[in-house]
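Listed here are the chains, written in short residue letters.
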Amino acid sequence: MKKILSLVILCASLSVVAQTQNFPRVIVIGAHPDDCDQDAGGTAILFAQMGYAVKFVSVTNGDAGHQSEGGGMLAMRRAAEAKEAGKRFGVSYDVLDNHDGELTPRLEVRLQIIRKIREWNADLVIAPRPNDYHPDHRYTGVLVQDAAYMVAVPNVAPDTPPLKKNPVFVYSQDYFQRPNPFRPDIAIDITPVYEKKVHALDAHVSQVYEWLPWIGGYADQVPKNVADREKWLATRIAGRITPDMKASLEKWYGKEKAAQVKNAESFEICEYGTQPSEDDIRKLFPMLKK
Ligand SMILES: [Zn+2]
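Given the structure is predicted, the values throughout are model-derived calculations rather than measurements.

Definitions and cut-offs
- Residues numbered from 1 in each chain as written.
- Predicted model: local features only at pLDDT ≥ 70, side-chain atom pairs only at ≥ 80, totals over all residues.
- Heavy atoms only, no water.
- Helix = DSSP H or I, 4+ residues; strand = E, 2+ residues; numbered from the N terminus.
- Rg over C-alpha atoms; globule rule 2.2 N^0.38 Å.
- Buried < 20%, exposed > 50% of the residue type's maximum accessible area, 1.4 Å probe, protein only.
- Lys, Arg positive; Asp, Glu negative; His and termini not counted.
- Charge placed at Lys NZ, Arg CZ, Asp CG, Glu CD.
- Donors = N, O, S within 2.8 Å, 3.2 Å for Na, K, Ca; no water.
- Tetrahedral: all angles 85-135°; square planar, octahedral: opposite > 155°, others 65-115°.
- Salt bridge = Lys/Arg side-chain N within 4 Å of Asp/Glu carboxyl O.
- Pairing = 2+ DSSP bridges.
- Axes fitted to C-alpha atoms, helices over the stretch in contact; angles between N-to-C directions.
- Contact = heavy atoms within 4.5 Å.
- 1 Å grid on protein atoms, 1.4 Å probe; cavity = no way out; pocket = protein on both sides within 12 Å on 5 of 7 lines; lining within 4 Å.
- Points joined across faces, edges and corners; volume = space filled by probe spheres on them.
- Nonpolar A, V, L, I, M, F, W, Y, C, P; charged D, E, K, R; others polar.
- Core = buried A, V, L, I, M, F, W, Y, C linked by side-chain atoms within 4.5 Å.
- Phe/Tyr/Trp six-rings, centres within 6.5 Å; stacked < 30°, edge-to-face > 60°.
- Lys NZ or Arg CZ within 6 Å of the ring centre and 35° of its normal.

Engineer: I'd like a description of the overall build of the protein, backed by residues and values.
Structural biologist: If you tally the helices and strands in the protein, you get 11 helices and 7 strands. A globule of 290 residues ought to have a C-alpha radius of gyration of about 19 Å, and the protein, at 20 Å, matches this closely. Expressed along its principal axes, the backbone C-alpha trace of the protein runs to roughly 65 × 50 × 45 Å. Per-residue burial for the protein yields a buried fraction of 49% across its 290 residues. Charged side chains of the protein number 36 positive and 37 negative; the gap between the two group centres comes to 6 Å.

Right, dumping it as structure tokens:
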């Protein structure tokens with residue numbers, strides 16, 4: 001009995017510790033159900049492994065992303081894929097019911113995003129820049145910019161309690177050069193979890209093995225054998241480490257460690273959120289260790 005009682009006390013005190021550890025809360029926002037995964041999936045795995053609560057939000061339901069399927073059936077298929085990917089990443093995954101390929105930066109969607117960031121009580125928001133070939137990606141960038149600051153204004157979307165503080169907003173990496181190239185303020189070594197990232201992206205079968213190869217003109221390269229697919233996907237999705245990213249990795253991890261990085265994700269600090277100091281960045285991203 002005494003043993004049981006002390007076990008109960010131990011469990012109770014452990015749960016108090018878990019509640020009071022006060023981990024930062026992270027929300028990643030993308031246009032389609034697979035965008036967050038590619039943009040910040042490795043970083044999300046590292047966060048989840050440290051005990052952070054991470055949410056992915058897709059602003060559209062992905063109902064246009066296929067060459068032979070579409071509409072509600074495709075949206076349902078993609079929602080199921082996102083759910084499975086979320087499980088593999090260790091994050092929760094929400095898909096908003098806006099049409100794919102038709103996203104515009106309108107007030108209705110801005111309010112949806114404000115509510116999502118508030119409900120998650122986010123400290124860190126990750127989203128694309130508004131420079132991108134795809135209008136849904138561009139407008140997701142604009143919509144999240146429009147939600148910054150407003151998330152703390154009580155009279156906007158008054159049905160959802162405002163945040164006490166404007167979160168830190170960061171842009172996920174891209175390679176577009178106009179009007180200005182992406183600036184990797186923060187670079188995360190995801191080499192140790194890269195296989196896990198690939199495994200999670202593998203859940204988006206309709207995208208990584210069907211739609212993207214079809215529209216990209218490389219459908220003939222997808223392995224016929226399912227067992228060979230993840231290995232192929234790993235080479236397909238590996239992003240380049242640009243000289244700027246390399247310099248950022250060296251700044252955060254030191255030269256020696258940075259030289260060993262094979263896969264990385266990087267982020268640019270958005271001017272519209274709280275501006276973090278170097279110290280704040282190391283607190284938000286404790287995986288940055290020299
Ligand atoms: Zn997309």
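Here the narrative resumes.
Engineer: Hey, could you go over the coordination of the zinc ion for me, with residue numbers and the actual values?
Structural biologist: The reference angle at a metal is 109.5 degrees if four donors form a tetrahedron and 90 or 180 degrees if six donors form an octahedron. On the protein side, the zinc ion has His32 (ND1), Asp35 (OD), Asp35 (OD) and His137 (NE2) as donor atoms, found 2.1 to 2.4 Å from it. Taken together, the 4 donor atoms surrounding the zinc ion define angles of 56 to 124° at the centre, an arrangement classified as irregular. Taken in chain order, the donor set of the zinc ion reads H-x2-D-x101-H. One end of the pair, His32, is in the loop between β1 (25-30) and α2 (35-49); the other, His137, is in helix α5 (residues 135-147), with 105 residues separating them in the sequence. According to the relative accessible area criterion, His137 is buried, its value standing at 13%.

Engineer: How would you summarise the pattern of salt bridges if you had to cite specific residues and measurements?
Structural biologist: Scanning all chains against the criterion turns up 16 salt bridges. Asp34 is the salt-bridge partner of Arg78, the closest N and O atoms lying 3.4 Å from each other. Residue Arg78 is found in helix α3 (residues 71-89), and its partner Asp34 is found in the loop between β1 and α2; the two are separated by 44 residues along the sequence. Of the two residues, Arg78 and Asp34, both sit in the buried class. Residues joined in a network through salt bridges with shared partners are Glu69, Arg77, Glu81 and Glu210.

Engineer: Account for the sheet that holds strand β6 (residues 186-189), naming residues and giving values.
Structural biologist: Reading across the sheet, the 7 strands line up as β3-β2-β1-β4-β5-β7-β6 and stay open at both edges, with mixed pairing between neighbours. Both outer strands of the open sheet, β3 (92-95) and β6, are each paired with one neighbouring strand and no more. Strand-to-strand twist across the sheet, computed as the mean angle between neighbouring axes with direction ignored, equals 25°. Bridge count between β1 and strand β2 (residues 53-58): 6 bridges; the pairing is parallel. Bridge assignment links Gly30 to a residue of β2, and that residue is Ser58. α5 contacts β1, β4 (124-127) and β5 (168-172) of the sheet and is inclined by roughly 140° relative to β1.

Engineer: Describe the layout of surface pockets, with residues and values.
Structural biologist: It is a probe the size of a water molecule, rolled over the atoms, that shows where empty space is left. By volume, the largest pocket is sized at about 1200 Å³. Lining the largest pocket are 43 residues, and of these Asp35, Gln38, Asp39, Tyr133 and His137 lie nearest its centre. Contributions of two or more residues to the lining of the largest pocket are made by α2, α6 (194-201), α7 (205-216), α8 (229-236) and β7 (264-269). The leading source of residues in the lining of the largest pocket is α7, at 6 residues. Split into classes, the residues belonging to the lining of the largest pocket amount to 19 nonpolar, 13 polar and 11 charged. In terms of lining residues, the second largest pocket is bounded by 22 residues, among which Asn121, Ala122, Asp123, Lys165 and Pro167 are the most central. Sort the elements by how many residues they give to the lining of the second largest pocket and helix α11 (residues 278-284) lands first, with 3 residues. Of the residues that constitute the lining of the second largest pocket, the class distribution is 10 nonpolar, 5 polar and 7 charged.

Engineer: Can you tell me about the nonpolar core, naming the residues and giving the values?
Structural biologist: Within the largest apolar cluster, 51 residues are counted, with the highest numbers of intra-cluster contacts made by Val54, Phe56, Leu124, Ile186, Ile188 and Phe285. The residues touching Leu124, leaving out its near neighbours within four places in the chain, are Arg25, Val26, Ile27, Phe47, Pro167, Val168, Val170, Leu284 and Phe285. One finds Val109, Ile117, Trp120 and Leu143 within the second-largest nonpolar core, a separate group that totals 25 residues.

Engineer: Help me get a handle on the packing of aromatic side chains, residues and values and all.
Structural biologist: Per the stated rule, a full pass over the model turns up 10 aromatic pairs. Ring plane angle 10° and centroid distance 4.7 Å describe the contact between Phe47 and Tyr52, whose orientation is recorded as stacked. Relative accessible area serves as the criterion here: at 1%, Phe47 is assigned to the buried category. A ring pair is formed by Trp211 and Trp214, whose centres lie 5.8 Å apart and whose planes are at 20°; its orientation type is stacked. Residue Trp211 and its partner Trp214 are located together in helix α7, separated by 3 residues, close to a single helical turn. Through a chain of ring-to-ring contacts, three or more aromatic side chains come together here, namely Phe23, Phe47, Tyr52, Phe267 and Phe285. Above the plane of the ring of Trp120 lies Arg25, whose end atom (NZ or CZ) is 4.4 Å from the centre. One cation-aromatic arrangement involves Arg138 over Tyr139; the distance from NZ or CZ to the ring centre is 5.9 Å.

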